[in-house]
Amino acid sequence: MPHVDPSAEDLAEFWASAPDEPFVMLNLLRYAADGGRERYAEYLRRAAPYVEQVGARVLYLGQGGPTLVGDEPWDSVMLVWYPSPGAFRRMLEAPGYAEVAELRSAALAAAVLEPTRPTGPSRPA
């Protein structure tokens, strides 16, 4: 199985070092052949209550296009706003979420998850 999920060590480091403030998670997604896009859509449907429960929200979900810089294109790009690293943690640790997350893992051939913070004067509303 490809490495598409953060390790326990990466998560522990993120939770220990990230400021207790809102952030946007950049998701670069490459779907598995044989129905990955459909499985990911099912994951999004089933994960929505967990996202909403912690006060997070999807800001953007779009289809990837031709790559202008880089070696390989991504199938989709998603930006998810979280009120804090703790909210992200509560979502991952919520009863039942692990089962839903299995859909995500099975749907993806490759992924990037990168927590981002604004560097300019504007912040998402």
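Read on for a plain summary of the structure. Here the structure is a predicted model, which means the values were calculated and not measured.

What counts and what doesn't
- Sequence order sets the numbering: in each chain, residues are counted from 1 along the sequence as written.
- Only residues with pLDDT of at least 70 are given local features in this predicted model, and only at 80 or more are side-chain atom pairs given and counted; all residues enter the totals for whole chains, interfaces and linings.
- With hydrogens and water set aside, each side-chain value is computed from the structure's full complement of heavy atoms.
- At least two DSSP bridges between two strands are needed for those strands to be called paired.
- Under the DSSP-based scheme used, a helix requires at least four consecutive residues in state H or I and a strand at least two consecutive residues in state E, with every element numbered from the N terminus.
- What counts as an axis is a line fitted to C-alpha atoms, over the stretch in contact for a helix, and the angles between N-to-C directions run from 0 to 180 degrees.
- Should the near helix be turned anticlockwise from the far one by less than a right angle, the crossing is left-handed, and should it be turned clockwise, the crossing is right-handed.
- The contact criterion used throughout is that any non-hydrogen atoms of two residues lie within 4.5 Å.
- Here the nonpolar group is Ala, Val, Leu, Ile, Met, Phe, Trp, Tyr, Cys and Pro; Asp, Glu, Lys and Arg are the charged ones; every other residue, Gly included, is treated as polar.

## As for the sheet that holds strand S4 (residues 108-116)
Picture the strands of a sheet paired through backbone hydrogen bonds; they go either parallel or antiparallel.
Here is step 1 of the chain: Taken in spatial order, the four strands line up as S2-S3-S1-S4 in an open sheet, and their pairing is antiparallel. Strands with a single pairing partner mark the edges of an open sheet, and in this sheet they are strand S2 (57-63) and S4. Between one strand and the next, the sheet's axes are offset by a mean angle of 15 degrees, whatever the strand orientation.
Here is step 2 of the chain: Sheet topology places S2 next to strand S3 (residues 76-82); six bridges connect them, and they run antiparallel.

## As for the packing of helix H1 (residues 8-17) against helix H3 (residues 85-93)
Here is step 1 of the chain: Here H1 crosses H3 at 145 degrees, and the two axes come no closer than 9 Å. The two elements H1 and H3 cross, and the hand of that crossing is left-handed. Mapping the contact onto sequence places Leu-11, Phe-14 and Trp-15 in H1 and Pro-85, Phe-88, Arg-89, Leu-92 and Glu-93 in H3.
Here is step 2 of the chain: Across the contact of H1 with H3, the residue classes break down as six nonpolar, no polar and two charged.

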